[in-house]
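Structural overview
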Amino acid sequence: MDPFYPLQIFVNWLVYSLFSLEQGSVIGGAINFFIYDSIKILILLAVIIFAVSYIRTYLAPEKVKKLLSRKFEFIGNMIASTIGIFTPFCSCSAVPLFIGLVESGVPLGVTFSYLIAAPLINEIAAALLWGLFGWKVALLYIASGWVISVVAGFILGKMHLEKYVEDYVYKIKMKQGLKAQKKLQKERISESLGETKSIIRKVFLYLLIGIAIGAFIHGYAPENLLTNIAGKGNWFAVPIAVLIGVPLYSNAAGMIPIVSSLIEKGLPLGTALAFMMAVTALSLPEAIILRKVMKLKLLIIYFTIVALGIIFIGYLFNWIL
Amino acid sequence: MKIKILGSGCPNCKVLEANTKKAVEDMKIKADIEKVTDIAKIMEYGVMSTPALVVNEKVVSYGRVLSPEEIKKFLK
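First, a word on what this report is: a plain description of the structure on this page. (Residues numbered from 1 in each chain as written. Chains lettered and ligands numbered in written order. Predicted model: local features only at pLDDT ≥ 70, side-chain atom pairs only at ≥ 80, totals over all residues.)

To continue, consider the overall build of chain A. A tally of helices and strands in chain A yields 16 helices and zero strands. The C-alpha atoms of chain A give 21 Å as radius of gyration, which agrees with the globular expectation for 321 residues (20 Å, within 12%). Over its C-alpha atoms, taken along the principal directions, chain A stretches across nearly 70 × 50 × 30 Å. Taking all 321 residues of chain A together, 43% fall into the buried category. A separation threshold of at least 6 residues defines the contact pool for chain A, and within that pool the share at least 24 residues apart is 87%. (Helix = DSSP H or I, 4+ residues; strand = E, 2+ residues; numbered from the N terminus. Rg over C-alpha atoms; globule rule 2.2 N^0.38 Å. Buried ≥ 20, exposed ≤ 12 C-beta atoms within 10 Å, placed from the backbone. Contact = placed C-beta atoms within 7 Å.)

This next bit is on the interface of chain B and chain A. Between chain B and chain A, the contact holds 16 residues from the first and 19 residues from the second. A total of five residues in the side of chain B that touches chain A trace back to one element, the largest contributor, which is helix H2 (residues 39-44) of chain B. The class makeup of the residues in the side of chain B that touches chain A is nine nonpolar, six polar and one charged. (Nonpolar A, V, L, I, M, F, W, Y, C, P; charged D, E, K, R; others polar.)

The strands making up a sheet associate through backbone hydrogen bonding, with each pair oriented either parallel or antiparallel. All names here are of chain B. The four strands lie next to each other as S2-S1-S3-S4, forming an open sheet whose pairing is mixed. Taken across any chain shown, the strands that pair with only one partner, and hence form the sheet edges, are strand S2 (32-36) and strand S4 (58-62). Taken over all neighbouring pairs, the strand axes of this sheet differ in orientation by 20° on average, direction set aside. Both strand S1 (residues 2-6) and S2 contribute to a ladder of five bridges, which runs parallel. Considered in S2, the bridge of Ile3 is made with Ile33. Each of S1, S2 and strand S3 (52-55) is contacted by helix H1 (residues 11-27), which is oriented at about 160° to S1, the strand it contacts most. (Pairing = 2+ DSSP bridges. Axes fitted to C-alpha atoms, helices over the stretch in contact; angles between N-to-C directions.)

This part takes up unusual backbone geometry. Glycine aside, negative phi is the norm for most residues, and most peptide bonds take the trans geometry. Residue and element names in this part refer to chain A. The residue Ser20 is not glycine, and still its phi comes out positive at about 40°. Structurally, Ser20 can be placed in the loop between helix H1 (5-18) and helix H2 (26-56). According to the C-beta neighbour criterion, Ser20 is exposed, with 8 such atoms within 10 Å. One non-glycine residue, His160, adopts positive backbone phi at about 50°.

Here it is in structure tokens:
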């Protein structure tokens, strides 16, 4: 049974009895959709962000470094991508992390796997996909993001791009033996709770706006709005969706509810998935920050390979689903 | 006492700096607070997650924004 069934009953009662909107009317449907989705997604977000933050307290960068050094390629790529699922891309830590990994002898390709997975597989996006499309789509998103990170990192590693890392990175010598900070169970939980609150506070407004626009599209937009312009028959739809996604960074919370309504109106799931991945993984601020440690050529190669991977996933899902 | 805040200038680092200043004022101790933003220098301390707090050249905390109360423990 759908665990959110009681919530739907409650929202039905709220909208159709308390607000006395007519059942089956467009406005009633849109408001019902808006309230139900908002509450459901907020619950899922809180639970998932808390769980991921808690796991993350065990994956401090200093520990990640230890886990990844002296690992063979490919297995290293797989471990790095897995760790990347639980860690976000944070503008504060991307550069020190990159330098730290390279300095401790983690192969460049393995470092890239981690660097790709961290923003690409985003827990906020996963929670929203779960809420709006069900757990299968959420799992599909995580699994395909993981495959892109492993393969793209492996390819980048094989291209021997070490010379395109900024030279000063190799000159940095880190002091060794910084002790891992011991954390009590109580600290881990309070840290995760704090993280959950701060993320929800940050995305709350975007989320509500996104769901409101989604509810509007759900209620008012014609059924086959996108079937012709962005349907499976249009081969350019996937790359264009990826291009549109690039400038929309950090707004995954607002974009996904809108995209979910567009799928009802004929946007294929693969195209939608590619778009969402582009929103989270290919961002301009990320590029600017990484430019500090990578020469332009490497940055371009890196972004191109990730973009190609995302486009490939888009086509693949349009084809199999 | 020499205190250093390591961080590349992200919002968290500024909060840590403000909290450190508050802790120092509350305890009425003499301390030099220096902000280290150069990434190469930050890395030399072995720190990979910023912001970090360094007291007398020893890394006492990293990857967390400490509250003034928590900072006081390291300044005793």
